[in-house]
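Fold and contact review
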Amino acid sequence: MKQSDPLLFRQQALIDGEWRDAADGARFAIHNPATAETVGHAPCCSAADVERAVAAAHAAFAGWRATPAKTRAQLLRRWFDLMLANRDDLAAIMVREQGKPLAEARGEIDYAASFIEWFAEEARRVYGDVVASPWAERRMLTLQQPVGVAALITPWNFPAAMLTRKAGAALTAGCTVVAKPASQTPFTALALAELTQRAGFPPGVLNIVTGDAATIGGVLTSHPLVRKLSFTGSTAVGKQLLAQSAATLKHVSLELGGNAPFIVFDAFAEKFAAAAARLKVGNGFEAGVEIGPLISAAALRKVEAHIADALAQGATLLAGGSRHALGGQFFQPTVLRDCTPGMQVCRDETFGPVAPLIRFAGEAEAIRMANDTEFGLAAYAYTRDLGRAWRLAEALDYGMVGINAGLISTAEAAFGGVKQSGLGREGGRSGIGEYLESKYVNLGGLG
């Protein structure tokens, strides 16, 4: 699939409204996980490059926070319109660097754009409060003001949606942004940044830096001008970033790992295995493909290790179980029965097409096993019993619960986890609140 607009494929960082190479010229290659072909090269930004991006965001902050909410909303709306107008090109870039099927990539662009639309509509509704005063001669109110420069670190699995879910909220609140996309998938973020340029965002309001995670993360977490850090990724890295941010007491939002229980109270295993075996695996640009390649060879080895561990502990293979005949980084959709909570596939994020099935004796046991984890991002359950639906919704120790619904994420609702699945929320009104400070004002001398 060819791009109709080649200028969307950017291979430079965006700093202070200008497309730039790394100061020392360093670059790194990004490969198509389906074909191993080189997609392009992105700048390996140095610490000095990141500091320039932070300085640009800080310089732009005063003007951006003072921009009327209506104007910010109009700019966001233009960005939304441009995303939809360039949907196919954005999806093609994503498939090349990330590997997901084209239909899913197009769906992600729509999903990513929905966050910008939602936040554009909410920009004019960031209100404070007038509080009833205990003093006759004073008035009390709270103001909602932007935190400041926000650093956003996004993952490879949803390279468009994770950027817009964070940046949309930050920009709506009046914050300026320095974003670091995953090294496996920088081009989707850079293409979205190109569209902000076309939409008319002022220089420095949105900056994109690419390169080594430790180098960039080290600057963003330690820089005193960065007042907010939002990260989506593994629990281990999230803990590290939280610790690094402590010295400057940044506001931190973390959307971390999770293994989501999917509880079904009817006959399921054989039907599910048969459906999994019918899924078409292949290059995301091929018609009808439903499962693309894994993101890397290391991810492929992790899937194999989890399956081997489960089989060694007594699991039964119902479907798949090995590398796909296509070779490369493709793997068969796999279903394992008779799994137990102690297996690696049930304790760690596999990030591959593997579904471990665990048998339970009743509702209480299902809840106990589902909650017996350090994670708490999302949980799902299917039942026709209305009472059971309420009990599960209340008892499952997760930030999000889907009852008789598998696709629950939407721009209007808060997204986030509990326990070691993270801090804070993204999306919905809560998502904007993550980028705001409440200021209490006590106005006296009115008597």
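Look up: the structure comes first, before these words.
Given the structure is predicted, the values throughout are model-derived calculations rather than measurements. (Residues numbered from 1 in each chain as written. Predicted model: local features only at pLDDT ≥ 70, side-chain atom pairs only at ≥ 80, totals over all residues. Heavy atoms only, no water.)

1. Overview of the packing of aromatic side chains
The geometry of an aromatic ring pair is captured by two quantities: the separation of the ring centres and the angle between the planes. Cut-off, in case you're wondering: Here the aromatic set is Phe, Tyr and Trp, taking the six-membered ring for Trp, and pairing holds for ring centres within 6.5 Å; pairs whose planes are under 30 degrees apart are stacked, those over 60 apart are edge-to-face, and all others are tilted. Think of it as a cone above the ring: NZ of Lys or CZ of Arg counts as a charge over the ring if it is within 6 Å of the ring centre and within 35 degrees of the ring normal.
Per the stated rule, a full pass over the model turns up ten aromatic pairs. In this arrangement the basic side chain of R138 is found over the ring face of W135, its NZ or CZ atom lying 4.2 Å from the centre. A cation over an aromatic ring shows up here: R165 above the ring of F415, its NZ or CZ 4.0 Å from the ring centre.

2. Concerning the pairing of strand β16 (residues 378-382)
For clarity, the threshold we go by: For every residue, the accessible area (1.4 Å probe, protein chains only) is compared with the maximum for its type, and the residue is labelled buried under 20%, exposed over 50%, or partly exposed between those bounds. Secondary structure follows DSSP: runs of H or I at least 4 residues long count as helices, runs of E at least 2 residues long count as strands, and numbering of each begins at the N terminus. Two strands are counted as paired when DSSP detects at least two bridges linking them. Consider the strands pointing away from the viewer: the crossover is right-handed when the path from the first strand over the helix to the second runs clockwise.
Here β16 lies mainly inside the structure; four of its five residues are buried. Two strands pair when backbone bridges link them, and strand β12 (residues 262-264) and β16 are joined in this way by three bridges, in the parallel orientation. Among the inter-strand pairings, V264 is bridged to a residue of β16, identified as Y382. Of the strand pairs in this sheet, β16 and strand β17 (residues 400-403) are connected by four bridges, and their pairing is parallel. The partner of A379 across the bridge, within β17, is V401. Crossover handedness for the path β16 to helix α13 (residues 386-395) to β17: right-handed.

3. Observations concerning the side chain of K250
The test is simple: Two residue types count as positive, namely Lys and Arg, and two as negative, namely Asp and Glu; His and chain ends fall outside the count. Between Lys or Arg on one side and Asp or Glu on the other, a salt bridge is scored when a side-chain nitrogen of the former is within 4 Å of a carboxyl oxygen of the latter. Here a polar contact is recorded for every N or O atom pair within 3.5 Å, except that within protein the pair must consist of a potential hydrogen donor and a potential acceptor, and residues adjacent in sequence are included only if both atoms are side-chain atoms. The contact rule is simple, with two residues in contact once any of their heavy atoms fall within 4.5 Å.
In this fold, K250 is placed in the loop between α8 (235-245) and β11 (251-255). This buried residue, K250, is left without a salt bridge; E51 holds the nearest opposite charge, at 12 Å. Polar side-chain contacts of K250 include one of 2.7 Å to the backbone oxygen of V226. In this structure the side chain of K250 is engaged in a polar contact, spanning 3.0 Å, whose partner is the side chain of T248. Excluding residues that lie within four positions of it along the chain, K250 makes contacts with L220, T221, S222, H223, P224, V226, R227 and S245.

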